[in-house]
Every structure is written in C-alpha cells, then in structure tokens.
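# Examination of the molecular architecture
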Amino acid sequence: MHNYTIAKLIKGLQNKEFSSVELTQHFLDRISQLNDDYNAVITVTSEQALSAAALADQRLANGDAPAMCGVPILHKDIFCTNGVRTSCGSKMLDNFVPPYDATVVENFARDGAVMLGKTNMDEFAMGSSNETSFYGPVKNPWATDSVPGGSSGGSAAAIAARLAPGATATDTGGSIRQPAALCGISGLKPTYGRVSRWGMIAFASSLDQAGPMARTAEDCAIMLNCMASFDEKDSTSVNQSVPDYTASLGNSIKGLKIGIPKEYFSEGLDPGTEIAVRKALADLEAQGAQLVKISLPNSHLSVPAYYVIAPAEASANLSRFDGVKYGYRCENPKDLQDMYCRSRTEGFGEEVQRRILIGTYCLSAGYYDAYYGKAQQVRQLIQQDFSDAFKSVDLIMGPTCPSPAFKFGAKGDDPVAMYLEDIYTIATNLAGLPGMSVPCGMVEEKPVGLQIIGNYFDEARMLNVAHQFQQITNWHNQAPEAVQ
Amino acid sequence: MTIERKEIEKLATLSRLAIDEKTIADVTGRLSSVLALVDQLQSANTESLQEISRPFHTSQRLRDDQVDETDQRDAFQAIAPQTHNGLFTVPKMIE
Amino acid sequence: MNWETVIGLEVHVQLATKTKIFSAASTSFGATPNTQACAIHLAMPGTLPVLNKQAVNYAIMFGLAIDAEICQESVFERKNYFYPDLPKGYQTTQLEKPIVGRGSVTIQLADGTEKAIGIHHAHLEEDAGKSTHEGDLPYGMSGVDLNRAGTPLIEIVSEPDMRSAEEAIAFAKKLHSIVTSIKICDGEMSQGSMRFDVNVSVRPAGSSALGTRTETKNLNSYKFMEEAIEREVERQIDLIEDGGTVAQETRLYNGDTKVAKSMRSKEEANDYRYFPCPDLLPVLVSDEAIEELRRALPELPDARQKRFVSQYVLSDYDSEIIASDSNMSAFFETVAKDSSNAKLAANWVMGELSGALNTAGLSFIESPVTAQQLAGMVVRISDNSISGKMAKQVFEAMWQGEGNADEIIQAKGLKQVSDSGALEKIVAEVLDGNPAMVEDFINTDESKRKKKLGGFMGQIMKASKGQANPQQVNQILLQKLNALL
C-alpha cells in the first residue's frame, strides 16, 4: 500500500479494498520501523491518527466522504496543530503546543485527511540541507550520507521513504522544490496568496508560501485542491476561486510554449544535471511542446536580493520569541535584558541567529536604502523579467537545483555556498510566481529535479504538463532500494 | 563591505542576542561574506523604480468592527513560561 | 535674556472601536487581566493581522475634521524594539505614508485671540499592553497585562507651533473637543483614552533656530501637562543660563510626586529599523469613501459655536464653553428647545448642572436630571411660576430623584405668587405694620433710598413665605412708597 499514490489510495478506500484504519496503521508501522534511519518525522500522533481514521471509515461507509477521506498525510512542523507540539525545528518551540490549527491543517481535516505526525525541518525554515534542525539532520533516503535538501527536508524524505503518501511543506526560497528534487518526488509552491499563511509560523512573510509534496503531479493536484482557499484571516490571501486542479491534468500539451532561460544553464550547473534536464525538455518537445529560448537578465541579482529581504523580515518575525508568552525561557535570568538575550541565544540555533543579525543590519539606520530599499527595487526588476518572458511563453523550465544531493557538512563553513543552492528557485518567490519540481532523471544514483515555473495562478497548467510528463516517464515511480 | 566587530556587538544588542567572545570573530567573518554577496545589488540599475514589498499590488482588506473572540486566557497561559494571577511575569522592568 | 518656549505635541487617541485594530477581540476598559488578549495580539506564532475598518474610518474622520489631506494609499510599518508589553517585538504603525497628512487646528486663547496650530500628520497604530510593578507579584518580577495591546490609536503629531503651556493646553483641549464631537474617542482621560507626549525647547526671544528639545511622555491630564511644561521650561532655561546644554532625551513626569526624570536606560542604542509590514497591504481609500464619511461627519465644535450664537443668541463666551463639549451641547440644545428659553437654559446647564455633575464626577450623559426635566423647570422660571431661588430647591429635588419640576413645585408648595391683588395686599400690610421703617425711608436722602428697599423686601418675602414674585413686589413697593413722599 505504501507504494500507492494518493489517487490510488482514494480509489482503494472508496472501493473498500482496505480501510483507513488499516492504511493508517500501515504507515504508522513504517514510521516506527524506518524513521530512525532518516529522522524525517519528529512527532508521531498515533492515537489521534487512528481515531481520525476510524471516523473516516465511518464516513466512507456512510457514503458522505470528502475528497481526501481516510488518506494519511504528514504536516511540516511549521504548521500549528491544536494540541500537538509545533516546534518549527527549534529548541525555542520545543515545548510549544498551540491551542489552534493552521488553516492548511483545518483544510485537510475538513477534507478527511488523517494526520500521522509532524515532519522535521530546518530551524524556522532557514536552510537548504535540513542540517539546522534542533532535532538533528534528516537523511536522504537515496543516500543516507547526503542531505535531503531543505527546509522541507523531513516532508520530502518521508515521502521518498514511503512513510506517507503526501505531506505539507513551505517554500520561502526553494524549500519545497529543492528537497523535492533532491529526494526524487514532486512538489509545488503555489502563487503567493493562493494558500493561507494563517497558523504557519512566519519566516519571511512576503515570500513564504505553503504547498503540497507527493510522489506525482496528480497527487499534488489533489492536495492543492484541499490546501488552496481564500482565508479572511490572512490579509495577503487572494480572493480568487479555486479551480479543480485535477480536471485539466489530461489536457494535451501540444503547442505549449516552454521558455528555456539561458541563465539557468550557465556555469555552476552540474553537467549530469544539465543532461537530465535537457533530456526531459526533449521528451516534452516530442509530445508537441515548443521550446523557446528566453532570457531572465536579472537572475544573478535574485540571491543577493533574497538574502536581504528574507533576513530583514525574519529579524522582525522572530522578535516575538522573547521568553515572555510562550516557548523557551532561560533558567534564572538575572534581569530583563538577560532573560531576552539568553532565552534567544540559547533557544535559537546558529544559522537563525546569523540571519537575524544580517536582517537587523540591513534594516538599521544608514543601511536601509542601500540594502532593503535596493533589494525591493531589484525585486521589481526580477518580476519584470518574468512578465516580459510570459508575453511569449506559457511556462518556464530549467533545473530545480545546480546539482544532486550533497554530502552532510559539504557546505559547512561557507553560508554563501549554501545560499547558492537556491539560485534557480529564489526568483519565483521574489516575484510571487508558482514553481514546481518533478523528478526527471538520476545522476550517480541520486535524483534530479525539473523545475516548472508558471504565471500567476497558472498552477493548473503546471500540474497538467507535469502530469503529462509523468505519463511518458517513470522517474516519479522510482524508490530508494532500502524502502521499497 | 566588511563589518566591524563593534557593529556586530550593536546588532546583537538590538536583536537581543548574546554572542560569546569565542564565536564573535567567526560570526564577523561569515557575516562579511554574506554582505559581500548582497553587495552585488549595488550594481543593479534601479533608477525610476519604486520599492515594492509584495508581488501583487492589491488593497488591504478591511474587517467589520464586530467582537468575535472569546476569553482563552487559561489556554494561552497554560503554555506560558511564567504567570501569576493572570499576568505574564518577567524579571522586573526598570522604569 | 528673554527666552521663548517652543512646544510641539504628540497625542495618542484611543479610537472608540468595539474591537482591536488587527483582531476581533474586545477593547473594553477594565476587564480582568489578559482576558481580552487574543492569539493575534499575544503574537502567537503563525497569527496574522486583519485591519479593522472602523479604525480606518475614524482616522479619516479625524483628518476631515481638521481639514487635512487624506492619504489615499497609506502603509503600515513595523517599528522594532523589545519590551514585555509589546508582544510581537515590533509595533505596527505608520511612518512614511500616514493616513492623515497636513492639517490645522484653531485654538482660542483666554484674551479672545485665535491661533492656528499646524498638524504635521496623524497615523494609525496599535497600543501596547500594560506593565505592573507593584502589588501581589513574586519578588523581583513585573506583571504584564496585554488586554490593551492592539487597541487602535491615532497618533496626532503637531508642528512646534505652541509658545506657552496655555497654548499647549488649549490645543489639547481643542483636540479633545474635536475627537469627542465626531465620536471617534470616548475622551476618558483618566482611562488613558487620550495621552500626550510634549516636546519642549527654549530659544532666545527673536531667534528662529530651534533649541534642543526634550520629550516628556505619557501625560494624561491637562494639569500634569501644564506642570510638566512649566517645570521643563524652567529646567532648560536654568541649565542654559548656567552654561550647560540641553540633552535630547525622553523624560517621564510623575504627577503625584511632581518630579520629572530622564529615561536614559530606554534610550540606549535606539534604532527602530522601520520597514513596511509584509503581513498588511497598502490601505487604499477611494474618493467616494472619503466623501461618504465627510457627509456623515458630525458637527464640529467651531461650527457648533457659531450656530449657537446665531440660533440661540448666546454670547461668544457661553457658546464657546458649551460647544466645546459635545455631550453638554446636546443636553443644552434639548433644554433650550423644550423650554424655548435658550439664555436661561445655557445658564442652568453651564452653572448649577455642570457644577453638580463635576462634584459628583459624572458626565452629561450620566446626569440624574434629564434634559427634559431641566427644560420643565426652566419653563416654570420663564413663566414666573417659580423664582430663581425656588428653582434651586426644585433642581436639588430633581437631582435627588423626587420627580419632575411640576411635581416638586406642587409637593413642596413652591408656587410663586404673581397675582397683583394678593401682592398689593401683602405689601400694604408690611408697610402698615412697620411705620418706623416707612418714616426712615421718607427721611432718607433720595440717592440713598434704594438701599432701604431691601429691608421691606425681606419682610414681604417672609410674609409671603418666600412665594412672592420678587420683580412684581419690587414694582408695587416702589409705587406705594413713592406715593407717600
């Protein structure tokens, strides 16, 4: 059952081939057997999951089952879950049990999905390797000496290891797409504002967006149907109707214009990755898609702009963790300032502290215009690049990451080397555009991802072409040997 | 741009972070390399561009002025580090 | 040397909305600690703000009231600093693009002159919570109540246009009058509904350069404001004349101990790192929305004062006092209309009633004597049914809840005797009964006779048990005495 897609599980549940309780127990068993090898899941909610599964079975029996009724999933530990610890991968929130649910969590509950637990992640979603988690690194199921990518590395690794058929994730600069690529699964970052941010612990508010991770594009479509909603509680949620993302999956891609930005195939791209991505593009061309050479001339500015804007917003977003209302407070503070400084220094990891310092620097008096002001202007240049490109193409494609999964500690000492891991994914967050990664090949027995970038609210088209690609390729069905 | 040790200390004070002596040099080095990266921004020609802070320029939605929250103090204070008679307590603030 | 004082004010006005600026939690005053601190204003992780429409409307109404430019695209920013009463570690406020731009407020001074005080801008922001350091707390700890956190405020920033404490107080009072007249604030200063930060500097008279200013924060009464300004001006002049310089600093004035002190501890390394709040979009306000609010804007105190002069023929002085208070104005207008005697209505509202309310610590809305009751009494004064002296008795009884004027007049038998036949009879009896006084009156020099009338009046009022109409008695008495000359 653990090799079934969500689409197949839904059919099986509806046809009573197995019950949700059986299915849920099966995945809970897999988590207890395999999770120690990968450290992908940091909280397991067995009891809660089994009673939700029993309820789902009742609804299935009564014939009033909603879309994802009885399907077990995992939530990234960045989404607040009522009564269940929500740590955001940080010591700061190791003891934090929110009395409320994120809208994304509510939406899955409404549609009958069963929560198995919470997945590991880079602390406060700051990282591209899942090495910054307070709960220890996540291991890539394809090569346990390598990173799964980050920050949604726990969700990606869990799906690759067949610990769950789908998981929620978030993407601020590539945190869905990069781990999806490195773990050989499918993941979609929707248009900014498509999925509610309520109850999702903020990293960089103007860039954060939640999305689905699963093995196939079809499963991502099913999950996005559930996740996407207009939410009055989020001022940046866009009030636009949600289409049925599964309805257009079967459309032909004949005549589809795919833009290939030359900047995404420049130096720094691993040759094996380039070969795999170009092969995927050729496969799509063979299906009738048209490949169009384009340029995104300001691409090189996206990483610098991101590393001003994201830390700046984060520096303010993380000020609420002060040891007063919830979360970690140091022992025996000698005065108020000591309580602040020690609670935050003991509660936050090194990378989080580094980003807070950078953000504080970029916003401080005398530097604002040169850094934050300039970065916001550059953001507009990047957005303009994309809107020019979308005048002549329907989608843009290229590699998700410059290379396959790297080994633990490989980028240890140089934060900039790690930041360049997101060189192809960051621009879409700056522009607010949707982006997706689907598996498109293997290099040295590690997966490679194809990135698909769409225009605003064009997720249905992205899912359509990804699904069509998965009809003619088999990369998404591959599994690491150890977990088959 | 490189960053001075004194500046790091000021940033740490503003951010309420206590960077210990051993790591301060290390942090200074790492921050400098990140700042060298973001300094690439200065090459961009951004004349005649506005600052934007969000991808779509839409208007803030407004909420009707109706009370729709109930008292959840007990639930919230159950997860607080320290409370006393319904107040959150902190080391004494100096007036 | 002669010194000139330069004063600018920053006024925090709590908006009279039902809910907080970014959440649907109640803003009511005096609730049990932290029972109105919802997830959003506790800054629970993952929570997000949604802006209260009424708060925006109230800010725009204030802008319209001071004839200011309304910013059709205003932006919220984050002001970053750590303090236990600031749950997010930043205050959501406005800086570069405030909702209300330049405007002006006219103040009236005691000598009758008027002066325009410039408003630099007014912006929307959230209030902080409250800290307590005394009472039942563990040793060495402070307590934090976040009920007030997120209460909507407008901060009104004046130009440094005031030159004395008197002008500053007049300006503060005028703002109070405006915000209560348009009903965007309850005006309860004792509850912190309006709080004043005072920027003070001094410079040699005739100089146009500004001196270094200090900011005295969080004054919540006119009296404290006046004291704080006067002491600060004195301190700065003494300092400069002794060869020192004024340091730019924030100060706190304790109204109870009358001592001001510098808040240096909070000043160190201040860098608020403002930037636009990414959780909120720009607030766009259409021309139509502004016009709709303009049409619905309640009458402003200045317009009301002019109307009182023309409609009720009140003096400038009376109309000014009544018009500055919207509740008093509403009360007065009911009394004036129901009694058809505006002058007398004004006297009673400003005099006896204001005094009694003030003593009892009540507002006009809480008055135990209703406007209708007071009007009923004014009618009886106007038609000579009761004298002014009796009216005071009637008022006292109405205040005690003994009924309306006519009921009290009857119950107490207070009816004034105005029947001229009856009065002539009483006057004649008094004159007959006091021949010595009459003799004395006749023998008194003409210029001094008027003084002698009081004695007769006393006798007559006593004989009538206080019910004789004094004006009529006066006439009859003069007639009869003159006839004896």
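What counts as what
- Residues numbered from 1 in each chain as written.
- Chains lettered and ligands numbered in written order.
- Predicted model: local features only at pLDDT ≥ 70, side-chain atom pairs only at ≥ 80, totals over all residues.
- Heavy atoms only, no water.
- Contact = heavy atoms within 4.5 Å.
- Salt bridge = Lys/Arg side-chain N within 4 Å of Asp/Glu carboxyl O.
- Polar contact = N/O pair within 3.5 Å; in protein donor to acceptor, adjacent residues only side chain to side chain.
- Helix = DSSP H or I, 4+ residues; strand = E, 2+ residues; numbered from the N terminus.
- Nonpolar A, V, L, I, M, F, W, Y, C, P; charged D, E, K, R; others polar.
- Pairing = 2+ DSSP bridges.
- Axes fitted to C-alpha atoms, helices over the stretch in contact; angles between N-to-C directions.
- Buried < 20%, exposed > 50% of the residue type's maximum accessible area, 1.4 Å probe, protein only.
- Core = buried A, V, L, I, M, F, W, Y, C linked by side-chain atoms within 4.5 Å.
- Buried area = accessible area lost by both parts, 1.4 Å probe.
- Phe/Tyr/Trp six-rings, centres within 6.5 Å; stacked < 30°, edge-to-face > 60°.
- Patch = residues over 30% accessible without salt bridge, like charges linked within 9 Å, V, L, I, M, F, W, Y side chains within 5 Å.
- Areas by Shrake-Rupley, 256 points an atom, 1.4 Å probe, with all protein chains shown as cover.
- Lys, Arg positive; Asp, Glu negative; His and termini not counted.
- Charge placed at Lys NZ, Arg CZ, Asp CG, Glu CD.

## Topic: the interface of chain C and chain B
Interface size, as often reported, equals the accessible area lost upon joining of the parts. Taken together, the contacts link 55 residues of chain C with 37 residues of chain B. Counting across the chain C and chain B interface gives 1 salt bridge. The partner of Asp271 of chain C in a salt bridge is Lys10 of chain B, and the shortest N-O contact between them spans 3.8 Å. Here chain C is connected to chain B by 22 residue pairs in polar contact (both at pLDDT 80 or more). For the side of chain C that touches chain B, the secondary structure elements donating two or more residues are strand 2 (51-52), helix 1 (53-65), strand 8 (130-132), strand 9 (141-145) and strand 16 (283-284) of chain C. It is strand 9 of chain C that provides the largest number of residues to the side of chain C that touches chain B, a total of 5 residues. Tallied by class, residues from the side of chain C that touches chain B come to 31 nonpolar, 15 polar and 9 charged. Taken together, the 2 bridges between strand 1 (residues 62-63) of chain B and strand 2 of chain C define a ladder with parallel strand orientation. Paired with Leu62 of chain B across the two strands is Leu51 of chain C, which belongs to strand 2 of chain C.

## Digging into the environment of Phe203 of chain A
Residues and elements named next belong to chain A. Residue position: Phe203 is located in the loop between strand 5 (186-189) and strand 6 (209-214). On a C-alpha basis, the gap between Phe203 and Leu318 in space is 7.7 Å, while along the polypeptide they are 115 residues apart. Ignoring any residue separated from it by four or fewer positions in sequence, one finds Phe203 in contact with Phe124, Ala125, Met126, Thr172, Asp208, Tyr306, Ala310, Glu313, Ala314, Asn317 and Arg355.

## Some words on the sheet that holds strand 4 (residues 76-80) of chain C
Sheet strands pair via backbone hydrogen bonds, and the direction of the pair is either parallel or antiparallel. Here 3 strands make up an open sheet; going across it, the order is 5-4-15 (chain C) and the pairing antiparallel. The open sheet has two edge strands, strand 5 (90-94) and strand 15 (275-276) of chain C, and neither has a second partner. Across 5 bridges, the pairing between strand 4 of chain C and strand 5 of chain C is antiparallel. In the sheet register, Arg78 of chain C faces strand 5 of chain C, and the bridge partner there is Thr92 of chain C. Strands in contact with helix 9 (residues 302-317) of chain A are strand 4, strand 5 and strand 15 of chain C; relative to strand 4 of chain C, the strand with the most contacts, it is inclined by about 65°.

## Section: the pairing of strand 1 (residues 3-14) of chain C
Consecutive residues of a regular strand have side chains that alternate between opposite faces of the sheet. Residues and elements named next belong to chain C. Strand 1 sits mainly inside the fold: 10 of its 12 residues count as buried. Note that strand 1 and strand 11 (residues 194-204) share 11 bridges and pair antiparallel. Bridge pairing links Thr5 to Val202 in strand 11. Bridge analysis of strand 1 against strand 10 (residues 152-158) gives 5 bridges, and the strand direction is antiparallel. Opposite Glu10, over in strand 10, you have Val157 as the bridge partner.

## A look at the nonpolar core
In terms of nonpolar packing, the biggest core is built from 198 residues, with Met68, Phe124, Phe386, Met436 and Leu463 of chain A touching the most fellow members. In terms of residues, this core owes the most to one element, helix 9 of chain A, which gives 10 residues. Apart from the residues lying within four places of it in its own chain, the contact partners of Phe124 of chain A are Cys88, Ser90, Met92, Leu93, Ile201, Phe203, Leu318, Phe321, Phe348 and Val352 of chain A. With 70 residues, the next largest nonpolar core counts Phe22, Leu48, Met61 and Ile184 of chain C among its residues.

## Overview of the interface of chain A and chain B
Taken together, the contact between chain A and chain B spans 69 residues of the former and 50 residues of the latter. Of the roughly 5100 Å² buried between chain A and chain B on both sides combined, carbon and sulfur atoms contribute 65%. Counting every contact that joins chain A to chain B gives 0 salt bridges. Linking chain A with chain B are 15 residue pairs in polar contact (both at pLDDT 80 or more). Among the elements that line the side of chain A that touches chain B, the one with the most residues is helix 12 (residues 369-389) of chain A, at 12 residues. In the side of chain A that touches chain B, the residues fall into 37 nonpolar, 19 polar and 13 charged.

## Describing the packing of aromatic side chains
All names here are of chain C. Scanning the entire structure with this criterion turns up 28 aromatic pairs over all chains. Judged by centre distance (5.7 Å) and plane angle (65°), the ring pair of Phe308 and Tyr312 falls under edge-to-face. With Phe308 and Tyr312 both in helix 6 (residues 301-312) and 4 residues apart, this pair spans about one turn of that helix. A relative accessible area of 0% means that Phe308 is categorised as buried. Residue Tyr312 is classed as buried on the basis of its relative accessible area of 10%.

## What about a negative patch on the surface?
All names here are of chain C. Residues Asp111, Glu166, Glu226, Glu230, Glu234, Asp238, Glu241 and Asp242 make up a contiguous surface patch of negative charge. Here the element with the most residues in the negative patch is helix 3 (residues 222-241); it accounts for 5 residues. Counting through the fold element by element, Asp242 comes out in the loop between helix 3 and strand 13 (250-254). Classification of Asp242 by relative accessible area gives exposed; the value is 67%.

## Section: the sheet that holds strand 8 of chain C
In space, the 4 strands of this open sheet follow the order 2(B)-3(B)-9(C)-8(C), with antiparallel pairing throughout. Each of the sheet's edge strands pairs with one partner strand only, and the pair in question is strand 2 (83-84) of chain B together with strand 8 of chain C. Bridge count between strand 3 (residues 87-91) of chain B and strand 9 of chain C: 4 bridges; the pairing is antiparallel. The residue of strand 9 of chain C that forms the bridge with Val90 of chain B is Ser142 of chain C.

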